[in-house]
Amino acid sequence: MHRYRSHTCGALRESLIGETVRLSGWCHRVRDHGGLLFIDLRDHYGLSQIVADPDSPAFKTAEKLRSEWVVKIDGQVRKRPAGTENPDLPTGAVEVFATEIEVLGSAGELPMPVFGEQEYPEDIRLKYRFLDLRRETLHRQVGLAGPDCVAESPLIRPG
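Quick caveat: nothing in here was measured; it's all calculated off a predicted structure.

Peer 1: Would you mind going over the overall build of the chain with me for this structure?
Peer 2: Within the chain, the regular secondary structure consists of four helices and five strands. In the chain, the succession of α and β elements from N to C terminus is β-β-β-α-β-β-α-α-α. The burial tally for the chain puts 35% of its 159 residues in the buried class. Excluding contacts between residues fewer than 6 apart, the proportion of contacts in the chain whose partners are at least 24 apart in sequence is 54%. Surface accessibility of the chain: about 9600 Å² in total, with carbon and sulfur atoms responsible for 55%.

Peer 1: What is the right way to read the sheet that holds strand β1 (residues 20–33) from this model?
Peer 2: Within a beta sheet, neighbouring strands are joined by backbone hydrogen bonds and run either parallel or antiparallel to one another. Spatial ordering of the closed barrel is given by β1-β2-β3-β5-β4, a layout of five strands whose pairing is mixed. Direction aside, the axes of adjacent strands within the sheet are offset by 55° on average.

Peer 1: Would you mind going over the pattern of salt bridges with me for this structure?
Peer 2: Proximity of charged atoms lets side chains of opposite charge pair with each other. What the rule picks out here adds up to eight salt bridges. Between Asp 40 and Arg 31 there is a salt bridge whose closest N-O contact spans 2.7 Å. Judged by relative accessible area, which is 8%, Asp 40 ranks as buried. For Lys 72, the salt bridge is made with Glu 102, and the minimal N-O distance between the two is 3.0 Å. Highlighted residues: Lys 72 in strand β4 (residues 70–79) and Glu 102 in strand β5 (residues 94–105), separated in sequence by 30 residues. A relative accessible area of 10% means that Lys 72 is categorised as buried. Here the salt bridges do not stand alone but share partners, grouping Arg 29, Arg 31 and Asp 40 into one network.

Peer 1: I tried to follow the environment of Arg 13 on my own but got confused; where do I start?
Peer 2: Locating Arg 13 in the fold gives a position in the segment before β1. Once the C-alpha coordinates of Arg 13 and Gly 92 are considered, the two residues, 79 residues apart in sequence, prove to be 8.2 Å apart. Setting aside residues up to four positions removed in sequence, Arg 13 forms contacts with Val 77, Pro 90, Thr 91 and Val 94. Of the polar contacts made by the side chain of Arg 13, one reaches the backbone oxygen of Gly 10; its length is 2.7 Å.

Peer 1: Can you help me understand the nonpolar core in this one?
Peer 2: Soluble globular proteins tend to bury their nonpolar side chains together. Counting residues in each nonpolar core, the largest one holds 23 residues, and the members touching the most others are Leu 12, Leu 23, Ile 50 and Ile 101. For this core, the secondary structure elements donating two or more residues are β1, β2 (36–43), β3 (46–52), α1 (59–64), β4 and β5. Among the elements that make up this core, the one with the highest residue count is β5 (four residues). The residues touching Ile 50, leaving out its near neighbours within four places in the chain, are Leu 23, Leu 37, Phe 38, Ile 39, Leu 41, Ile 73, Val 96 and Ala 98.

Peer 1: Can you walk me through the pairing of β5 in this structure?
Peer 2: It is a general feature of regular strands that their side chains alternate between the two faces of the sheet. Bridge count between β3 and β5: two bridges; the pairing is parallel. Residue pairing for β5: Val 51 is matched across the bridge by Phe 97.

About the cut-offs
Residues numbered from 1 in each chain as written. Predicted model: local features only at pLDDT ≥ 70, side-chain atom pairs only at ≥ 80, totals over all residues. Heavy atoms only, no water. Helix = DSSP H or I, 4+ residues; strand = E, 2+ residues; numbered from the N terminus. Buried < 20%, exposed > 50% of the residue type's maximum accessible area, 1.4 Å probe, protein only. Contact = heavy atoms within 4.5 Å. Areas by Shrake-Rupley, 256 points an atom, 1.4 Å probe, with all protein chains shown as cover. Pairing = 2+ DSSP bridges. Axes fitted to C-alpha atoms, helices over the stretch in contact; angles between N-to-C directions. Salt bridge = Lys/Arg side-chain N within 4 Å of Asp/Glu carboxyl O. Polar contact = N/O pair within 3.5 Å; in protein donor to acceptor, adjacent residues only side chain to side chain. Core = buried A, V, L, I, M, F, W, Y, C linked by side-chain atoms within 4.5 Å.

Rendered as structure tokens:
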């Protein structure tokens, strides 16, 4: 298995149920639902839901995670319980039960959150553009413009 990932966060589907996977990415959001921890893990390719319960060997580490920490997670893909599926996400039918979590990089308090689409003054967005580029709308726009910019550039020719 690759040191950091076996799959991308956006690649998990029902066909992988029962398989052990390794994912790496940013903690997009961490939610505590009465002792059950849900981590939305984000990479360049998408979002996956990670679950850690008190019986999980990864629970102690999962309790410490904060937004935008970079982590590597090993776990088993399983079907989400009935009624908890998220049809808005390509990975919304499955979740990963965490067996091991390694913190690759912690982050302090951010000057502006990456999740959500709040508006910020342009001077703040420019000062913290490395965070602004992680926001979903801007990330998607840059991804769409990239191939067009390469195709139009006289300096960069494919092949």
